[in-house]
Every structure is written in structure tokens, then in C-alpha cells.
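Structural characterization, general
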Amino acid sequence: MVKILHRKLYSSVIQQIEEKEFAIITGARQTGKTTILKQVYDFLQKNGRSAFYLTLEDPDVLSRLNQHPEHVFDFVIRPNGDKIFLLLDEVQYLDKPSNFLKLLFDKHHETLKIIATGSSAFYLDKKFTDSLAGRKKLFDLFTLDFEEFLHFKTEDESLRIELDRIRTNENYISARQKELESFMNEYMTYGGYPAVVLADNEQKKTEILKELTGSFLKRDIAEAQIQDQEKFYRLLLILADQTGSLLNMNELSRLLSLSVTAVENYIFVLQKCFHIRLLKPFYKNIRKELTKMPKVYFNDMGFRNVLLKLFIPVELRLDKGALIENYAVIRAVSKYGSDAVRFWRTTEGNEIDMVVTTTFNKGLAIEVKYDAQHFNPSKYQKFVAFYPGYVLSYRALRAAESQHSLLGF
């Protein structure tokens, strides 16, 4: 029996099916957007709903829909009371995707529900002129997180339960810590692109990563109309080497011999293509604390590592601290949301990797280390003095006395 591999986002889309807003799944290429769309289509059919699947990679379909949005009913049954579902793949190929979706929503949202995918260029393309506020629910799909990675790697679901026990109980010592550590090392080395995770040896993983990143960057450059391809790529290499560092636009401008405006545009493209994310600074007293420069991280560590051509074991890497911090930031943002996670740093160099503030969590300051023995609470007393209501904590890949925290939060 073939194991069905569902992404977490699949459940979120299913839960939104009965809402009137159109659902749009966007995200990095090769993360499984089309697969999720087809799985939702199967779900609708199995539950007796009227569902239709169209891909705009079909030139005949694309040509007809570009003529007028109402021509969609050449391919699907026009609603007559009961709601129908249209699953539309690669909606960004339309000449005017925003107008298409807006017109169909305004005229037919009571009887027509569109669930669409759009590539990372969805909001880069100037053809997309309307935010569709109130008309759409946007779902961002990233590469696999570590729990999804385990689901794709092994049929042993008890392993994920064990991971949760380790993360939620500091005193719990698991007999499977070494097994989970091995998986974590693989994840931080090769990342979470599904095709890479499912490859059965390291050579294939590396080859697929090289092929994916090469093709991604070519398409990103073309779709974003990047003028200087070489400098765009050089910028990526610099960011990979400086992961977790402050993003200084003026310094990058000097290094690349580009205008600050051009660098800012390249950074924007890399964010919208889901390659990097920026972590904003946390501050209450801007006179004493640092500038507003963000820190830069990669959304997939395999993507970063293939840029650096670095696939040696994590424990042997000189950049293992940055690698662990990158993972921790991705996980924290996934759990708490991008607006809730910041970093803190003063002009004197005092620093906290992450400061988390949410409605339910009034203040959590997190320092990330590869090894718990390197955590020294006295280094962070200035933050505690500035913000006495915040709880100082640390997360380490290797916890004390052989316990393995696996960077739980």
C-alpha cells in the first residue's frame, strides 16, 4: 500500500473549503503546491462535491481564460444552486490574474469556490495589480519542516511522538535521541525540498539540490527581470556566508558595486521567491539599542548549503552555530508567526537571538547554541535588566548530560 504523504498545509486548506474566500496556495517552487491541489481535488470528489481541475500550463485553457474570466464555464459546469469547486493550477500564467479572480469572486462567490496555486512570482509580477483583500485566503507553502521531514522519511509515526515528548519535557530522556539526532543532522544538511528528502542517498540529494537551485534561480531572474544576473548570484553567496548577520544595504552596495536601490530590489525578489527571510530587530529604546537593520536567514538550509558547496556533518562545520540558529528561527516563526519573532542587539554588542512576544506569551527571550555547555546566562543580564518581564531561556541541539532537546520551543 502506497503511503499518502500529506503536508500540514493540506489540512489548513481543507478546513477553509467552506469559507467564501477563494484559497490561493503560493510558495517556493517544488514544495508540493500542485500535489496539495490534487489531494484537495480527490478529497472533494470522495465527499461527493462537484470539483473540477484545470492547469494553466495547458495553452488551450490559458488562451480561452485570457479572453474573458467567464470562459471558465467552457471547462466546468456553470453553477445552478449547488456550489462547485474549481481547482486552478498555476494561476500566475494568466495575463491578468487579479482581474480574473476578482470578477469571478464578485459575480459567483456564492456558488463558485476557486482553490488556486501560484508560483513565487505570483506577487512579483506587475500583472498582479490587486491584493484581492476580502476575497482570498493566502496559504504560504515552504519546504518541509522537521516533523514533515520525519513523516516523509519513515513510516514510524511513533518517532514524531517521541520528538514531541523530548521537546516538551526537559527531564525526559529518550532511547531514540541518537536516531532523531541523525535525522536532524540530515535535515540541516540537505533541507526540506520533498524530492531531496525522498532521494535514497547523499549523492542523489546533492544532485537534485544543484538542479533545483539552478533552475529556480534562472526562472527567478527571468521573471523578476533582474538586470545583472552575476551580481544577483553573488549577493546570494554573500547572504549564505553571512547567515544570521545584520543586513547592511550600504555595505552590500559597496561590495557588489550596485546602487542601494538595486540591492534592495534583489533582496525583495529573494524574499518573494521564498529563498530568504528577514528577522526584524526588537527594541523599546531606540536611542540605546541598535539600528533598524534586520538579520538574514534562509528558508531552506539545503538551498543555503548548496550555494556554499558545504555538506560535511554538522558537528564538523565551522558555521554550525549559524546553521542551528537558522533552523531555530525558521521553527520559531512557523510556531509563533513572523510578526511575533524579533532579535535584540545593542550598539555595545549585547545580543539575544530571538525575542518572542505574542498574546499568550508576554515575553520569551531565546538564545540558541549548538552545545548547551556554551550557554552563559551572565552574558544576557543587560537584556534581563532592560526587560524584567521577559523570561530568558536557551535552546541547544546538544543538551546537557546527553539529553537531546532538538530545539523545541
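In this text the structure is predicted, and so the values were computed from the model without any measurement.

What follows is about the overall build of the chain. When you go through the chain residue by residue, the secondary structure sums to 15 helices and eleven strands. Compactness check: the chain gives a C-alpha radius of gyration of 23 Å against a globular reference of 22 Å for 409 residues, within 12% of the reference. Its C-alpha atoms give the chain principal-axis dimensions of roughly 70 × 55 × 45 Å. Scored against the burial criterion, the 409 residues of the chain give a buried share of 54%. Long-range pairs, those at least 24 residues apart, make up 69% of the contacts in the chain with a sequence separation of at least 6. Working note: accessible area of the chain is about 19,700 Å², and carbon and sulfur atoms make up 49% of it. When the 57 basic and 53 acidic side-chain charges of the chain are each reduced to a single mean position, those positions are 4 Å apart.

Another point: the sheet that holds strand 1 (residues 22-27). With respect to topology, five strands assemble into an open sheet ordered 2-3-4-1-5, the strand pairing being parallel. With one partner strand each, in any of the chains shown, strand 2 (50-55) and strand 5 (136-141) form the two edges of the open sheet. Along the sheet, successive strands turn relative to each other by an average axial angle of 15°, direction set aside. Note that strand 1 and strand 4 (residues 112-118) share four bridges and pair parallel. Residue Ile 24 lies in a different strand from strand 4, and its bridge partner there is Ala 116. Across the sheet, helix 1 (residues 8-15) touches strand 1, strand 4 and strand 5, and the angle it forms with strand 5 is around 170°.

The next point concerns the packing of helix 10 (residues 229-241) against helix 11 (residues 249-256). Think of two packed helices as two axes; the pair is described by the angle between the axes and how far apart they sit. Helix 11 packs onto helix 10 with a crossing angle of 130° between their chain directions and a minimal axis gap of 11 Å. Compared by their axis directions, helix 10 and helix 11 come out oblique. Crossing of helix 10 over helix 11 shows right-handed handedness. Across from Lys 231, Arg 234, Leu 235, Ile 238 and Leu 239 in helix 10, the residues of helix 11 making contact are Leu 252, Leu 255 and Leu 256. By residue class, the composition of the contact of helix 10 with helix 11 is six nonpolar, no polar and two charged.

Further remarks concern unusual backbone geometry. Residues apart from glycine generally show negative phi values, whereas peptide bonds are mostly found in trans. Despite not being glycine, Glu 90 has its phi angle at roughly 65°, a positive value. Turning to its location among the elements, Glu 90 is positioned in the loop between strand 3 (84-89) and helix 4 (97-108). Unlike most non-glycine residues, Phe 274 shows phi in positive territory, near 65°. With relative accessibility at 12%, the residue Phe 274 sits in the buried group.

Within the secondary structure layout, Ile 267 lies in helix 12 (residues 260-272). When the C-alpha positions of Ile 267 and Leu 239 are compared, they lie 9.8 Å apart, and in sequence the two are 28 residues distant. The residues contacting Ile 267, other than those within four sequence positions of it, are Leu 235, Leu 239, Leu 247, Met 249, Ile 276 and Leu 278.

What counts and how
Residues numbered from 1 in each chain as written. Predicted model: local features only at pLDDT ≥ 70, side-chain atom pairs only at ≥ 80, totals over all residues. Heavy atoms only, no water. Helix = DSSP H or I, 4+ residues; strand = E, 2+ residues; numbered from the N terminus. Rg over C-alpha atoms; globule rule 2.2 N^0.38 Å. Buried < 20%, exposed > 50% of the residue type's maximum accessible area, 1.4 Å probe, protein only. Contact = heavy atoms within 4.5 Å. Areas by Shrake-Rupley, 256 points an atom, 1.4 Å probe, with all protein chains shown as cover. Lys, Arg positive; Asp, Glu negative; His and termini not counted. Charge placed at Lys NZ, Arg CZ, Asp CG, Glu CD. Pairing = 2+ DSSP bridges. Axes fitted to C-alpha atoms, helices over the stretch in contact; angles between N-to-C directions. Parallel < 35°, antiparallel > 145°, perpendicular 65-115°, else oblique. Left-handed = near helix turned anticlockwise from the far one by under 90°. Nonpolar A, V, L, I, M, F, W, Y, C, P; charged D, E, K, R; others polar.

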